Amino acid sequence: MSETALSPLCAGCSIDSDMADRIILHCDCNAFYASVECLLHPEYRDVPMAVCGDPNSRHGVVLAKNEAAKRYGVQTAETIWQARRKCPGLVLAPPHREEYVRYSRLVNEIYLRYTDQVEPFSIDESWLDVTGSGLLFGSGPEIADELRRVVEEETGLTISVGVSFNKTFAKLGSDYKKPNATTVLSRETWQSLLYPLPVERFLFVGESAAQKLRQTGIHTIGDLANARRERLVSLFGKNGGELWDMANGLDEAPVRHFGEAREVKSVGNGMTFRRDLAGAEDISLAVSVLADSTAARMRRHHIKCTTVQVTIRSPNFHTITRQKRLPLPTFLAADIRAAALDLIRASWNERAPIRMLTVTGSGIVPEDATGEQLSLFETGSAAKREKQEHLEAALNQIRDKFGRDSLSIGSVLHNDLGIGKYGNQKNE
Ligand SMILES: [Mg+2]
């Protein structure tokens, strides 16, 4: 082989791809549930309408609203009663989760034409890493604009897209301007765009965390980025440090390949309590909170578990692990809680103190792997399960929007176990 034959190969080697910034998009469907309902029922399009957990109850909660309802000030998570006071003619629609799942697939299939690194964050949001797609499809903002056009043409839905060099900023970008907009947070512009925003607009800052931050003088995202990192660690533990890193553009988390989330083997949450659990009431409270967060994480990943496992540790570090197969795959907190309590009652003296407790779902299957088995085992209660799924989906919607602590059973808000406080929970 002659020397000249080698040189064309090396010509491209001067670009070190590791040094270049990634190009990450976050795509968010606008008013997703309400938009899907308007596609299915064109008569909803020009009247104020809201999708509600239980439209027949005054206490039902608004899950999503269309643009017309927004103009009346109707807000997600308020009750039908509150919404109707602002907008007496508000049309109420029940949710159709299977349609939302169908549209979610359609939209993600479009994203997958541009890259195989498509990571759904929830039913209507996905991250895309298009760093390697430039030659074929153009720059980040060009791909974002094209996605907005193609998604609208092919599905009728509009999306907002954030373009940045990491996942956190891409997500904040898609939230920056809605509906149907592209926002670029580049190395040059992110500080001027993000720093003035109130701190609760930042990812993972729920209402209670925001309150804590404001009490220490951190009111904006800029304040958060400019605070001392150790100060955030002292406020929120390890999560506080990560929060600071993200606010300073140091988020290096990769965008997963599509479907990777389904290879999760188990999802669980564990806690060491501020004081030992003692008695059935403490145990029930702790299991409720752990089952709840485990269920929420499974739902976010669109997976269900077929086995529930508990690990119990005594104050002198005696540890037992017990598990139980479920009759049906589930991502319902109520199912996980019931199975975990059964296991504890069967294997632990409820009066013996517990220092640490973990609740884990394993035997993971995709969330849509239920249909057949449901009809085989439990036709009678299918409607009841569906109702429970809607209820828990509604609660999750509110938590996603307002932070994890926004909805808690009364006893969780006032306990001395250290439950329900931001940053106090260990994810496994
Ligand atoms: Mg959305």
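I will try to describe carefully the structure that is included in this document. (Residues numbered from 1 in each chain as written. Predicted model: local features only at pLDDT ≥ 70, side-chain atom pairs only at ≥ 80, totals over all residues. Heavy atoms only, no water.)

**Quick notes on the environment of P120**
Rules: Secondary structure elements are taken from DSSP: a helix is a run of H or I of four residues or more, a strand is a run of E of two residues or more, and numbering for both begins at the N terminus. Here, residues are in contact when the closest pair of their heavy atoms is within 4.5 Å.
Mapped onto the elements, P120 comes out in strand β5 (residues 118-122). P120 sits 12 residues away from N108 along the chain, and the two C-alpha atoms are 7.9 Å apart. In this structure, P120 is in contact with N108, E125, S126 and F258, ignoring residues within four places of it in sequence.

**A few points about helix α13 (residues 238-247)**
To be explicit about the condition: Exposure classes here rest on a 1.4 Å probe applied to the protein chains alone. A residue is buried below 20% of its type maximum, exposed above 50%, and partly exposed in between.
Burial of α13 is extensive: 7 of the 10 residues sit out of reach of the surface. Taken as a whole, α13 has its buried residues at G240, G241, L243, W244, D245, M246 and A247. Check the buried side of α13 and you find it contacts α8 (167-176), α9 (190-194), α11 (221-226) and α12 (229-236). Positive backbone phi, approximately 75°, marks G249, located one or two places after α13.

**Quick look at the sheet that holds strand β4 (residues 91-93)**
Quick note on the threshold: Two strands qualify as a pair provided that DSSP identifies no fewer than 2 bridges between them. Only the stretch in contact is used when a helix axis is fitted, and all axes are lines through C-alpha atoms; the angle between N-to-C directions ranges over 0 to 180 degrees.
A sheet is described by the order of its strands in space; here 3 strands give the open sequence β3-β2-β4, paired in mixed fashion. At either end of the open sheet lies a strand with only one pairing partner, and these are β3 (62-65) and β4. Neighbouring strand axes in the sheet, compared pairwise and without regard to direction, differ in orientation by 30° on average. As paired strands, strand β2 (residues 49-52) and β3 are joined by 3 bridges and run antiparallel to one another. Counted as the bridge partner of C52 is V62 from β3. Its contacts with the sheet put helix α2 (residues 32-40) on β2 and β3, and the angle it makes with β2 is roughly 115°.

**Concerning the packing of helix α5 (residues 97-111) against helix α7 (residues 140-155)**
Heads up, the condition is: Here the word oblique covers every angle except those under 35 degrees (roughly parallel), over 145 (roughly antiparallel) and from 65 to 115 (roughly perpendicular). We call a crossing left-handed when the near helix sits turned anticlockwise from the far one by less than a right angle, and right-handed when that turn is clockwise. We call Asp, Glu, Lys and Arg charged. Ala, Val, Leu, Ile, Met, Phe, Trp, Tyr, Cys and Pro are nonpolar, and the rest, Gly among them, are polar.
It is at 10 Å that the axes of α5 and α7 come closest, and there the two elements cross at 140°. Compared by their axis directions, α5 and α7 come out oblique. Seen from above, α5 lies across α7 with right-handed handedness. Where α5 abuts α7, its residues Y103, L106, V107, I110 and Y111 lie against L147, V150, V151, E154 and T155. Here the residues of the contact of α5 with α7 sort into 8 nonpolar, 1 polar and 1 charged.

All we've got here are geometric facts, nothing functional implied.
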